[in-house]
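Analysis of the macromolecular model
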Amino acid sequence: MNTHDFNFYHGHDPRELVKTFGSPLYVYNERILRERCAEMVGFSSYPKFVVNYAVKTNSNLSLLKIIREEGLHTDISSEGEAVAAMAAGFLPKEMLFTLNGVGAAELEFAAKIGATISVDSLSQLETLGKVAAGGRIFLRFNSGVGGGHHEKVITGGDGTKFGIMPQYIPQVKELLAKYDLKLIGINHHIGSQNPGEAYLAGVRALLELARQFDDLEYIDFGGGFATPYHKQSGEKPLDLRAIGAAADELFFDFAKSYGKELTYVIEPGRYVVAESAVLLGTVHSIKNCGSQKYAGTDLGFSVFKRPTVYDAHHDIEIYRGGARPLHLTETAPPERINIVGNQCETGDYIARDRDLPPLREGDILGVTDAGAYGYSMACRYNHRARPAEVLITIAGDAKLIRRRDTYEEMLENMQGL
Ligand SMILES: *Cc1c(COP(=O)(O)O)cnc(C)c1O
(Lines give C-alpha, C1' and ligand atoms only; values in the text may rest on other atoms or scores of the structure.)
Protein backbone atom coordinates (compact mmCIF):
# COMPACT_ATOMS: atom_id res chain seq x y z
CA MET A 1 0.00 0.00 0.00
CA ASN A 2 1.08 3.58 -0.31
CA THR A 3 2.11 4.10 3.28
CA HIS A 4 1.54 7.84 3.04
CA ASP A 5 -2.15 7.56 2.13
CA PHE A 6 -2.72 5.29 5.10
CA ASN A 7 -0.63 7.33 7.55
CA PHE A 8 1.09 4.02 8.16
CA TYR A 9 3.90 5.35 10.35
CA HIS A 10 1.69 7.69 12.36
CA GLY A 11 4.19 10.50 11.87
CA HIS A 12 7.28 8.42 12.66
CA ASP A 13 10.08 8.82 10.14
CA PRO A 14 11.05 5.37 8.83
CA ARG A 15 14.69 6.50 8.81
CA GLU A 16 14.46 7.25 12.50
CA LEU A 17 12.80 3.90 13.21
CA VAL A 18 15.72 2.15 11.53
CA LYS A 19 18.18 4.25 13.54
CA THR A 20 16.46 3.30 16.77
CA PHE A 21 15.67 -0.38 16.14
CA GLY A 22 18.21 -1.37 13.49
CA SER A 23 18.00 -2.32 9.82
CA PRO A 24 16.30 -4.39 8.52
CA LEU A 25 13.15 -3.89 10.54
CA TYR A 26 9.55 -5.15 10.33
CA VAL A 27 7.10 -2.34 11.14
CA TYR A 28 3.44 -3.24 11.82
CA ASN A 29 0.42 -0.99 12.06
CA GLU A 30 -2.12 -1.98 14.71
CA ARG A 31 -5.03 -0.11 13.17
CA ILE A 32 -4.68 -1.86 9.82
CA LEU A 33 -4.39 -5.25 11.52
CA ARG A 34 -7.58 -4.64 13.52
CA GLU A 35 -9.43 -3.44 10.43
CA ARG A 36 -8.51 -6.58 8.49
CA CYS A 37 -9.57 -8.79 11.39
CA ALA A 38 -12.91 -6.99 11.54
CA GLU A 39 -13.42 -7.43 7.79
CA MET A 40 -12.89 -11.17 8.14
CA VAL A 41 -15.23 -11.41 11.13
CA GLY A 42 -17.82 -9.55 9.03
CA PHE A 43 -17.31 -11.79 5.99
CA SER A 44 -20.48 -13.78 6.64
CA SER A 45 -23.80 -12.88 8.18
CA TYR A 46 -24.43 -16.51 9.13
CA PRO A 47 -25.20 -16.54 12.88
CA LYS A 48 -22.64 -19.22 13.77
CA PHE A 49 -19.56 -18.04 11.94
CA VAL A 50 -15.99 -18.60 13.11
CA VAL A 51 -12.76 -17.21 11.67
CA ASN A 52 -9.67 -19.30 12.34
CA TYR A 53 -6.53 -17.24 11.80
CA ALA A 54 -3.74 -19.34 10.25
CA VAL A 55 -0.99 -18.87 12.83
CA LYS A 56 1.77 -19.90 10.43
CA THR A 57 1.28 -16.62 8.56
CA ASN A 58 2.68 -14.55 11.43
CA SER A 59 3.02 -15.75 15.00
CA ASN A 60 4.33 -12.71 16.84
CA LEU A 61 2.63 -12.90 20.25
CA SER A 62 1.67 -9.21 20.33
CA LEU A 63 -0.08 -9.59 16.98
CA LEU A 64 -1.73 -12.85 18.05
CA LYS A 65 -3.12 -11.10 21.14
CA ILE A 66 -4.64 -8.37 18.99
CA ILE A 67 -6.09 -10.99 16.65
CA ARG A 68 -7.62 -12.79 19.63
CA GLU A 69 -9.09 -9.54 20.97
CA GLU A 70 -10.78 -9.10 17.60
CA GLY A 71 -12.55 -12.41 18.12
CA LEU A 72 -10.66 -14.76 15.83
CA HIS A 73 -9.75 -18.35 16.67
CA THR A 74 -6.77 -20.23 15.21
CA ASP A 75 -5.78 -22.64 12.50
CA ILE A 76 -2.71 -24.50 13.72
CA SER A 77 -0.26 -26.45 11.59
CA SER A 78 2.26 -27.65 14.18
CA GLU A 79 2.74 -28.33 17.88
CA GLY A 80 5.02 -25.28 18.10
CA GLU A 81 2.33 -23.02 16.71
CA ALA A 82 -0.07 -24.28 19.36
CA VAL A 83 2.49 -23.42 22.04
CA ALA A 84 2.76 -19.92 20.59
CA ALA A 85 -1.03 -19.52 20.31
CA MET A 86 -1.48 -20.60 23.93
CA ALA A 87 1.23 -18.14 25.02
CA ALA A 88 -0.85 -15.43 23.36
CA GLY A 89 -3.94 -16.53 25.30
CA PHE A 90 -5.78 -18.77 22.83
CA LEU A 91 -7.50 -21.75 24.43
CA PRO A 92 -7.22 -25.23 22.94
CA LYS A 93 -10.93 -25.09 22.11
CA GLU A 94 -10.09 -22.10 19.91
CA MET A 95 -7.70 -24.20 17.81
CA LEU A 96 -8.20 -26.39 14.80
CA PHE A 97 -5.09 -28.40 13.97
CA THR A 98 -4.84 -28.90 10.22
CA LEU A 99 -1.89 -31.27 10.22
CA ASN A 100 -0.24 -32.84 7.24
CA GLY A 101 2.10 -35.82 7.37
CA VAL A 102 2.83 -35.66 11.10
CA GLY A 103 3.77 -38.39 13.57
CA ALA A 104 1.65 -39.92 16.31
CA ALA A 105 3.28 -37.70 18.95
CA GLU A 106 2.01 -34.49 17.39
CA LEU A 107 -1.51 -35.90 16.96
CA GLU A 108 -1.45 -37.11 20.55
CA PHE A 109 -0.34 -33.68 21.76
CA ALA A 110 -3.21 -31.98 19.95
CA ALA A 111 -5.72 -34.50 21.31
CA LYS A 112 -4.32 -34.26 24.83
CA ILE A 113 -4.65 -30.48 25.10
CA GLY A 114 -8.23 -30.79 23.87
CA ALA A 115 -7.90 -29.12 20.47
CA THR A 116 -9.80 -30.35 17.44
CA ILE A 117 -7.77 -32.13 14.78
CA SER A 118 -8.37 -32.22 11.07
CA VAL A 119 -6.91 -35.35 9.50
CA ASP A 120 -5.84 -35.28 5.89
CA SER A 121 -5.14 -38.88 4.88
CA LEU A 122 -6.35 -42.41 5.57
CA SER A 123 -3.01 -43.28 7.11
CA GLN A 124 -3.14 -40.28 9.46
CA LEU A 125 -6.70 -41.26 10.35
CA GLU A 126 -5.45 -44.70 11.35
CA THR A 127 -2.59 -43.17 13.39
CA LEU A 128 -4.97 -40.78 15.14
CA GLY A 129 -7.43 -43.60 15.82
CA LYS A 130 -4.70 -45.48 17.66
CA VAL A 131 -3.75 -42.55 19.93
CA ALA A 132 -7.10 -40.85 20.39
CA ALA A 133 -9.91 -43.35 19.83
CA GLY A 134 -13.36 -42.00 20.62
CA GLY A 135 -12.50 -38.38 19.72
CA ARG A 136 -14.34 -35.73 17.71
CA ILE A 137 -12.49 -34.90 14.53
CA PHE A 138 -12.48 -33.03 11.24
CA LEU A 139 -11.43 -34.45 7.90
CA ARG A 140 -9.68 -32.38 5.29
CA PHE A 141 -10.84 -33.23 1.81
CA ASN A 142 -9.38 -32.47 -1.54
CA SER A 143 -12.56 -31.26 -3.17
CA GLY A 144 -10.87 -31.07 -6.57
CA VAL A 145 -10.69 -27.28 -6.68
CA GLY A 146 -7.35 -25.46 -6.54
CA GLY A 147 -6.33 -21.84 -6.93
CA GLY A 148 -3.43 -19.61 -5.99
CA HIS A 149 -0.78 -17.15 -7.10
CA HIS A 150 1.98 -19.71 -7.71
CA GLU A 151 2.08 -23.47 -8.25
CA LYS A 152 3.82 -23.84 -4.87
CA VAL A 153 0.83 -22.47 -2.97
CA ILE A 154 -2.03 -24.25 -4.75
CA THR A 155 -3.20 -26.78 -2.21
CA GLY A 156 -6.27 -28.32 -3.80
CA GLY A 157 -6.92 -30.28 -6.97
CA ASP A 158 -4.90 -32.95 -8.70
CA GLY A 159 -1.19 -33.02 -8.00
CA THR A 160 -1.13 -31.51 -4.52
CA LYS A 161 -0.27 -33.37 -1.33
CA PHE A 162 -3.26 -32.14 0.67
CA GLY A 163 -6.55 -33.64 1.66
CA ILE A 164 -8.37 -36.92 1.22
CA MET A 165 -9.75 -37.60 -2.24
CA PRO A 166 -13.55 -38.10 -2.12
CA GLN A 167 -13.22 -41.56 -3.70
CA TYR A 168 -11.93 -42.81 -0.32
CA ILE A 169 -15.05 -41.85 1.62
CA PRO A 170 -16.10 -45.52 2.10
CA GLN A 171 -12.72 -46.34 3.68
CA VAL A 172 -12.94 -43.17 5.77
CA LYS A 173 -16.28 -44.31 7.14
CA GLU A 174 -14.86 -47.72 8.01
CA LEU A 175 -11.94 -46.20 9.91
CA LEU A 176 -14.22 -43.77 11.75
CA ALA A 177 -16.30 -46.72 12.92
CA LYS A 178 -13.26 -48.85 13.75
CA TYR A 179 -11.84 -46.24 16.14
CA ASP A 180 -15.16 -44.85 17.33
CA LEU A 181 -14.21 -41.40 15.99
CA LYS A 182 -17.00 -38.90 15.52
CA LEU A 183 -16.74 -36.81 12.38
CA ILE A 184 -17.91 -33.33 13.39
CA GLY A 185 -16.47 -31.26 10.58
CA ILE A 186 -14.98 -31.21 7.13
CA ASN A 187 -12.60 -28.66 5.69
CA HIS A 188 -10.51 -27.87 2.67
CA HIS A 189 -8.05 -25.15 1.71
CA ILE A 190 -7.68 -24.61 -2.01
CA GLY A 191 -4.61 -22.39 -2.03
CA SER A 192 -3.18 -19.05 -1.12
CA GLN A 193 -4.05 -15.78 -2.85
CA ASN A 194 -6.84 -17.44 -4.83
CA PRO A 195 -9.27 -15.31 -6.78
CA GLY A 196 -12.83 -15.05 -5.50
CA GLU A 197 -14.31 -17.30 -8.21
CA ALA A 198 -12.05 -20.17 -7.16
CA TYR A 199 -13.12 -19.67 -3.55
CA LEU A 200 -16.78 -19.90 -4.53
CA ALA A 201 -16.18 -22.94 -6.74
CA GLY A 202 -14.55 -24.47 -3.67
CA VAL A 203 -17.55 -23.65 -1.48
CA ARG A 204 -19.86 -25.40 -3.94
CA ALA A 205 -17.61 -28.43 -4.15
CA LEU A 206 -17.18 -28.82 -0.40
CA LEU A 207 -20.91 -28.42 0.26
CA GLU A 208 -21.52 -31.14 -2.31
CA LEU A 209 -19.16 -33.39 -0.35
CA ALA A 210 -20.79 -32.48 2.94
CA ARG A 211 -24.00 -34.16 1.77
CA GLN A 212 -22.25 -37.50 2.11
CA PHE A 213 -22.09 -37.08 5.90
CA ASP A 214 -25.26 -36.59 7.89
CA ASP A 215 -24.00 -35.52 11.28
CA LEU A 216 -21.66 -32.59 10.69
CA GLU A 217 -21.44 -29.59 13.01
CA TYR A 218 -18.81 -27.58 11.12
CA ILE A 219 -17.97 -26.85 7.51
CA ASP A 220 -14.70 -25.04 7.01
CA PHE A 221 -13.78 -23.55 3.64
CA GLY A 222 -10.14 -22.71 4.33
CA GLY A 223 -8.38 -19.45 3.60
CA GLY A 224 -6.49 -17.98 0.72
CA PHE A 225 -8.24 -14.59 0.43
CA ALA A 226 -6.05 -12.46 -1.81
CA THR A 227 -4.17 -9.31 -0.92
CA PRO A 228 -3.44 -6.86 -3.76
CA TYR A 229 0.36 -6.71 -4.00
CA HIS A 230 0.52 -4.44 -7.07
CA LYS A 231 -1.10 -1.34 -5.64
CA GLN A 232 1.38 1.00 -7.33
CA SER A 233 0.04 -0.19 -10.66
CA GLY A 234 -3.55 0.18 -9.56
CA GLU A 235 -4.49 -3.33 -8.41
CA LYS A 236 -7.72 -3.18 -6.44
CA PRO A 237 -8.52 -5.09 -3.25
CA LEU A 238 -10.67 -8.20 -3.38
CA ASP A 239 -14.40 -7.46 -3.36
CA LEU A 240 -14.83 -9.26 -0.06
CA ARG A 241 -18.41 -8.10 0.37
CA ALA A 242 -19.50 -9.63 -2.94
CA ILE A 243 -17.66 -12.90 -2.31
CA GLY A 244 -19.02 -13.08 1.22
CA ALA A 245 -22.58 -12.47 0.03
CA ALA A 246 -22.32 -15.06 -2.74
CA ALA A 247 -20.87 -17.63 -0.32
CA ASP A 248 -23.59 -16.80 2.22
CA GLU A 249 -26.27 -17.55 -0.33
CA LEU A 250 -24.77 -20.99 -0.91
CA PHE A 251 -24.24 -21.69 2.78
CA PHE A 252 -27.66 -20.51 4.02
CA ASP A 253 -29.32 -22.67 1.34
CA PHE A 254 -27.27 -25.68 2.27
CA ALA A 255 -27.81 -25.23 6.02
CA LYS A 256 -31.57 -25.12 5.49
CA SER A 257 -31.61 -28.37 3.56
CA TYR A 258 -29.08 -30.11 5.81
CA GLY A 259 -31.44 -29.99 8.75
CA LYS A 260 -28.80 -29.66 11.48
CA GLU A 261 -27.37 -26.56 13.06
CA LEU A 262 -24.02 -25.92 11.43
CA THR A 263 -21.09 -23.63 12.15
CA TYR A 264 -19.51 -21.92 9.16
CA VAL A 265 -15.71 -21.63 9.39
CA ILE A 266 -13.00 -19.93 7.34
CA GLU A 267 -9.19 -19.95 7.83
CA PRO A 268 -7.60 -16.79 6.48
CA GLY A 269 -3.95 -15.97 7.10
CA ARG A 270 -2.54 -13.57 4.57
CA TYR A 271 -5.60 -11.33 4.36
CA VAL A 272 -5.43 -10.66 8.09
CA VAL A 273 -1.78 -9.64 8.39
CA ALA A 274 -0.17 -8.98 4.98
CA GLU A 275 -1.03 -5.29 4.73
CA SER A 276 -0.27 -4.53 8.34
CA ALA A 277 3.51 -4.54 7.79
CA VAL A 278 6.26 -2.82 5.87
CA LEU A 279 9.76 -4.29 5.92
CA LEU A 280 12.40 -1.58 6.05
CA GLY A 281 15.96 -2.09 4.81
CA THR A 282 18.99 -0.11 3.72
CA VAL A 283 20.68 0.29 0.34
CA HIS A 284 24.41 -0.37 0.81
CA SER A 285 25.73 -0.60 -2.73
CA ILE A 286 24.86 0.26 -6.30
CA LYS A 287 26.58 -1.57 -9.14
CA ASN A 288 26.36 -2.58 -12.77
CA CYS A 289 26.96 -6.18 -13.77
CA GLY A 290 26.76 -6.80 -17.49
CA SER A 291 23.51 -5.35 -18.74
CA GLN A 292 21.95 -5.20 -15.29
CA LYS A 293 21.97 -2.69 -12.48
CA TYR A 294 21.81 -3.85 -8.85
CA ALA A 295 21.07 -2.23 -5.54
CA GLY A 296 22.64 -4.31 -2.76
CA THR A 297 20.66 -4.18 0.47
CA ASP A 298 20.41 -5.88 3.85
CA LEU A 299 17.10 -7.44 2.71
CA GLY A 300 18.39 -10.94 2.06
CA PHE A 301 16.10 -13.93 1.76
CA SER A 302 16.89 -14.85 5.35
CA VAL A 303 14.82 -11.77 6.21
CA PHE A 304 12.12 -12.06 3.55
CA LYS A 305 11.68 -15.17 1.43
CA ARG A 306 8.58 -14.59 -0.66
CA PRO A 307 10.28 -13.22 -3.79
CA THR A 308 12.85 -16.03 -3.74
CA VAL A 309 10.43 -18.87 -3.03
CA TYR A 310 7.33 -17.75 -4.93
CA ASP A 311 8.61 -15.06 -7.34
CA ALA A 312 6.31 -12.83 -5.31
CA HIS A 313 5.98 -9.17 -6.20
CA HIS A 314 6.05 -6.54 -3.47
CA ASP A 315 5.82 -2.83 -4.21
CA ILE A 316 8.89 -0.91 -3.04
CA GLU A 317 8.90 2.52 -1.44
CA ILE A 318 11.95 4.75 -1.05
CA TYR A 319 12.50 7.01 1.94
CA ARG A 320 15.03 9.80 1.88
CA GLY A 321 13.66 12.02 4.64
CA GLY A 322 10.34 12.37 6.44
CA ALA A 323 7.63 9.74 6.64
CA ARG A 324 6.58 10.29 3.06
CA PRO A 325 7.97 7.93 0.43
CA LEU A 326 9.56 9.37 -2.70
CA HIS A 327 7.06 9.63 -5.53
CA LEU A 328 7.95 7.15 -8.22
CA THR A 329 7.86 9.95 -10.78
CA GLU A 330 9.32 12.62 -8.56
CA THR A 331 12.96 12.73 -9.55
CA ALA A 332 15.00 12.06 -12.66
CA PRO A 333 13.61 9.53 -15.16
CA PRO A 334 13.22 6.11 -13.60
CA GLU A 335 15.95 3.53 -13.90
CA ARG A 336 15.47 -0.19 -14.27
CA ILE A 337 17.10 -1.93 -11.31
CA ASN A 338 17.23 -5.22 -9.39
CA ILE A 339 17.07 -5.00 -5.62
CA VAL A 340 19.04 -7.83 -4.09
CA GLY A 341 20.03 -9.03 -0.62
CA ASN A 342 23.37 -9.72 1.00
CA GLN A 343 23.37 -13.50 0.79
CA CYS A 344 25.39 -15.96 -1.22
CA GLU A 345 22.67 -17.12 -3.62
CA THR A 346 21.69 -15.83 -7.02
CA GLY A 347 18.05 -16.25 -6.07
CA ASP A 348 18.54 -13.72 -3.30
CA TYR A 349 16.46 -10.82 -4.55
CA ILE A 350 13.64 -8.62 -3.36
CA ALA A 351 12.58 -7.02 -6.63
CA ARG A 352 13.53 -7.66 -10.27
CA ASP A 353 13.49 -5.25 -13.19
CA ARG A 354 11.81 -2.41 -11.32
CA ASP A 355 11.56 1.08 -12.73
CA LEU A 356 12.39 3.28 -9.77
CA PRO A 357 13.90 6.71 -9.16
CA PRO A 358 17.69 6.24 -9.25
CA LEU A 359 18.59 4.66 -5.92
CA ARG A 360 21.45 5.89 -3.76
CA GLU A 361 23.54 4.35 -1.04
CA GLY A 362 21.90 5.10 2.28
CA ASP A 363 18.34 5.09 0.94
CA ILE A 364 15.87 3.30 3.19
CA LEU A 365 13.57 0.97 1.26
CA GLY A 366 10.14 -0.18 2.33
CA VAL A 367 8.94 -3.59 1.12
CA THR A 368 5.18 -3.14 1.37
CA ASP A 369 2.52 -5.66 2.39
CA ALA A 370 5.17 -7.76 4.15
CA GLY A 371 3.19 -8.96 7.18
CA ALA A 372 2.23 -12.42 5.90
CA TYR A 373 4.85 -15.16 5.48
CA GLY A 374 7.51 -12.53 6.17
CA TYR A 375 9.02 -12.83 9.62
CA SER A 376 7.45 -16.28 10.04
CA MET A 377 9.65 -17.60 7.21
CA ALA A 378 12.77 -15.67 8.25
CA CYS A 379 15.81 -17.70 9.21
CA ARG A 380 19.39 -17.24 10.31
CA TYR A 381 21.18 -18.25 7.10
CA ASN A 382 24.72 -16.82 6.88
CA HIS A 383 24.43 -16.36 10.65
CA ARG A 384 22.55 -13.19 10.07
CA ALA A 385 20.36 -12.17 12.96
CA ARG A 386 16.64 -12.08 12.28
CA PRO A 387 15.41 -8.49 12.51
CA ALA A 388 13.42 -6.73 15.20
CA GLU A 389 9.68 -6.11 14.91
CA VAL A 390 7.99 -2.86 15.89
CA LEU A 391 4.29 -2.10 16.23
CA ILE A 392 2.85 1.36 15.54
CA THR A 393 0.02 1.33 18.05
CA ILE A 394 -3.38 2.99 17.65
CA ALA A 395 -2.09 5.73 19.96
CA GLY A 396 0.85 6.25 17.60
CA ASP A 397 3.67 4.78 19.69
CA ALA A 398 6.42 2.73 18.08
CA LYS A 399 6.56 -0.28 20.37
CA LEU A 400 9.23 -2.98 20.13
CA ILE A 401 7.40 -6.33 19.93
CA ARG A 402 10.42 -8.54 19.19
CA ARG A 403 14.05 -7.64 19.54
CA ARG A 404 16.68 -8.58 17.00
CA ASP A 405 18.43 -11.94 17.51
CA THR A 406 21.83 -11.74 19.16
CA TYR A 407 24.81 -13.65 17.81
CA GLU A 408 25.30 -15.18 21.27
CA GLU A 409 21.84 -16.72 21.37
CA MET A 410 22.37 -18.03 17.86
CA LEU A 411 25.22 -20.17 19.25
CA GLU A 412 23.48 -21.12 22.48
CA ASN A 413 21.89 -24.43 21.57
CA MET A 414 24.96 -25.95 20.00
CA GLN A 415 26.59 -28.64 22.11
CA GLY A 416 29.38 -31.17 22.25
CA LEU A 417 32.31 -28.78 21.81
C1 LIG B 1 -1.89 -21.66 5.14
C2 LIG B 1 -3.24 -22.13 5.40
C3 LIG B 1 -4.30 -21.22 5.48
C4 LIG B 1 -4.13 -19.74 5.24
O5 LIG B 1 -3.82 -19.42 3.92
P6 LIG B 1 -3.77 -17.89 3.44
O7 LIG B 1 -3.48 -17.97 2.01
O8 LIG B 1 -2.66 -17.25 4.20
O9 LIG B 1 -5.08 -17.28 3.75
C10 LIG B 1 -5.55 -21.73 5.78
N11 LIG B 1 -5.76 -23.05 6.00
C12 LIG B 1 -4.76 -23.94 5.92
C13 LIG B 1 -5.05 -25.36 6.18
C14 LIG B 1 -3.48 -23.53 5.62
O15 LIG B 1 -2.51 -24.42 5.53
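Everything below is about the structure shown above.
Structural notes on the overall build of the chain
Within the chain, the secondary structure is distributed over 12 helices and 17 strands. Here the chain has a C-alpha radius of gyration of 23 Å; the compact-globule value for 417 residues is 22 Å, and the two agree. If one aligns the C-alpha atoms of the chain with their principal axes, the spans along those axes are about 70 × 60 × 45 Å. By residue count, 53% of the 417 residues in the chain fall in the buried class. Accessible surface for the chain amounts to roughly 17700 Å². Of this, 51% is attributable to carbon and sulfur atoms.

A closer look at helix α7 (residues 169–178)
Listed in full, the buried residues belonging to α7 are I169, V172, L175 and L176. Around the axis of α7, the buried residues are gathered within 120° of arc, so they sit on the same side. For α7, the exposed residues lying more than 90 degrees away from the buried face are E174, A177 and K178. Each element contacted by the buried residues of α7 is listed here: α6 (122–131), β6 (136–140), β7 (182–187) and α8 (196–210). Once α7 finishes, D180 follows within two positions and takes phi at roughly 55°, a positive value.

Considerations on the layout of surface pockets
Considered as a void within the structure, the second largest pocket measures approximately 300 Å³ in volume. If you trace the second largest pocket, you find 13 residues lining it, with H73, K93, E94, T116 and Y218 closest to the centre. Looking at the lining of the second largest pocket, the elements with two or more residues in it are β2 (49–54) and β4 (95–98). The residue inventory of the lining of the second largest pocket, partitioned by class, reads 7 nonpolar, 4 polar and 2 charged.

What to know about the sheet that holds strand β5 (residues 116–119)
The 8 strands lie next to each other as β2-β3-β4-β5-β6-β7-β8-β9, forming a closed barrel whose pairing is parallel. Sheet twist, expressed as the average angle between the axes of neighbouring strands with direction ignored, equals 30°. Inspection of the sheet shows β2 paired to strand β3 (residues 73–76) by 3 bridges, in the parallel sense. Looking at the pairing, N52 lines up with H73 of β3. Sheet contacts for helix α9 (residues 240–258): β8 (218–220) and β9 (263–266); angle to β9, the most-contacted strand, approximately 150°.

A closer look at the site of the ligand
Among the 14 residues in the neighbourhood of the ligand, the closest are listed as K56, S192, E267, R270 and Y373. Take E267: an N or O atom from its side chain is 2.5 Å from a nitrogen atom of the ligand. Relative to its unbound accessible surface of 390 Å², the ligand loses 93% to contact with the protein. Here the shell around the ligand is built from residues that sort into 3 nonpolar, 6 polar and 5 charged.

A few points about the pairing of strand β13 (residues 335–340)
Two elements, strand β11 (residues 292–297) and β13, share 3 bridges in a ladder whose sense is parallel. Across the sheet, residue Y294 finds its bridge partner in β13, namely N338.

Regarding the packing of aromatic side chains
What the rule picks out here adds up to 20 aromatic pairs. An aromatic cluster is present here, built from F43, Y46, F49, Y199, F221, F225, F251, F252 and Y264 joined pairwise through their rings. Positioned above the aromatic ring of F90, the side-chain terminus of R68 is 5.8 Å from the ring centre. In this arrangement the basic side chain of R352 is found over the ring face of Y349, its NZ or CZ atom lying 3.8 Å from the centre.

Observations regarding the pairing of strand β17 (residues 398–402)
Remark: a regular strand shows side chains that alternate across the two faces of the sheet. Bridging between strand β16 (residues 388–392) and β17 involves 4 bridges; their strand directions are antiparallel. Paired with V390 across the bridge in β17 is L400. Taking the residues between adjacent antiparallel strands as the criterion, β16 and β17 are bridged by 5 residues, where G396 takes a positive phi near 100°.

Describing unusual backbone geometry
For the bond running from S23 to P24, omega is -5°, close enough to zero to count as cis. Note that P24 resides in the loop between α1 (14–21) and β1 (25–29). Phi at Y373 is positive, roughly 55°, even though this residue is not glycine. Relative to the elements of secondary structure, Y373 occurs in the loop between β15 (364–367) and β16.

Structural notes on the nonpolar core
With 97 residues, the main nonpolar core has F97, I186, Y199, I219, Y264 and I339 as its most contacted residues. Apart from the residues lying within four places of it in its own chain, the contact partners of Y264 are F43, S44, Y46, K48, F49, V50, Y199, I219, F221, A247, D248 and F251. Within the second largest apolar cluster, 15 residues are counted, among which are L17, I32, V278 and I392.

Focus on the packing of helix α2 (residues 30–41) against helix α3 (residues 61–69)
The interhelical angle for the contact between α2 and α3, taken along N-to-C directions, is 40°, at an axis separation of 9 Å. Here α2 lies oblique to α3, going by the angle between them. The handedness of the crossing between α2 and α3 is right-handed. Contacts between α2 and α3 pair E30, L33, R34 and C37 from the former with L63, I66, I67 and E69 from the latter.

Focus: the side chain of D298
Inspection of the secondary structure assignment puts D298 in the loop between β11 and α11 (306–310). Buried charge without a salt bridge: D298, with R404 as the nearest opposite-charge side chain at an N-O distance of 6.7 Å. A polar contact is formed between the side chain of D298 and the side chain of S23, at a distance of 2.5 Å. With residues near it in sequence (within four places) discarded, D298 still touches S23, P24, G281, T282, H284, V303 and N342.

Structural notes on the side chain of E81
Relative to the assigned elements, E81 resides in helix α4 (residues 79–87). Despite its burial, E81 remains without a salt bridge, the nearest opposite charge being carried by K56 at 6.8 Å. Of note is the side chain of E81, whose polar atom sits 2.8 Å from the backbone nitrogen of S77.

Definitions and limits used
- Residues numbered from 1 in each chain as written.
- Predicted model: local features only at pLDDT ≥ 70, side-chain atom pairs only at ≥ 80, totals over all residues.
- Heavy atoms only, no water.
- Helix = DSSP H or I, 4+ residues; strand = E, 2+ residues; numbered from the N terminus.
- Rg over C-alpha atoms; globule rule 2.2 N^0.38 Å.
- Buried < 20%, exposed > 50% of the residue type's maximum accessible area, 1.4 Å probe, protein only.
- Areas by Shrake-Rupley, 256 points an atom, 1.4 Å probe, with all protein chains shown as cover.
- Arc of directions from axis to C-beta.
- Contact = heavy atoms within 4.5 Å.
- 1 Å grid on protein atoms, 1.4 Å probe; cavity = no way out; pocket = protein on both sides within 12 Å on 5 of 7 lines; lining within 4 Å.
- Points joined across faces, edges and corners; volume = space filled by probe spheres on them.
- Nonpolar A, V, L, I, M, F, W, Y, C, P; charged D, E, K, R; others polar.
- Pairing = 2+ DSSP bridges.
- Axes fitted to C-alpha atoms, helices over the stretch in contact; angles between N-to-C directions.
- Near = heavy atom within 4 Å.
- Polar contact = N/O pair within 3.5 Å; in protein donor to acceptor, adjacent residues only side chain to side chain.
- Phe/Tyr/Trp six-rings, centres within 6.5 Å; stacked < 30°, edge-to-face > 60°.
- Lys NZ or Arg CZ within 6 Å of the ring centre and 35° of its normal.
- Core = buried A, V, L, I, M, F, W, Y, C linked by side-chain atoms within 4.5 Å.
- Parallel < 35°, antiparallel > 145°, perpendicular 65-115°, else oblique.
- Left-handed = near helix turned anticlockwise from the far one by under 90°.
- Lys, Arg positive; Asp, Glu negative; His and termini not counted.
- Salt bridge = Lys/Arg side-chain N within 4 Å of Asp/Glu carboxyl O.

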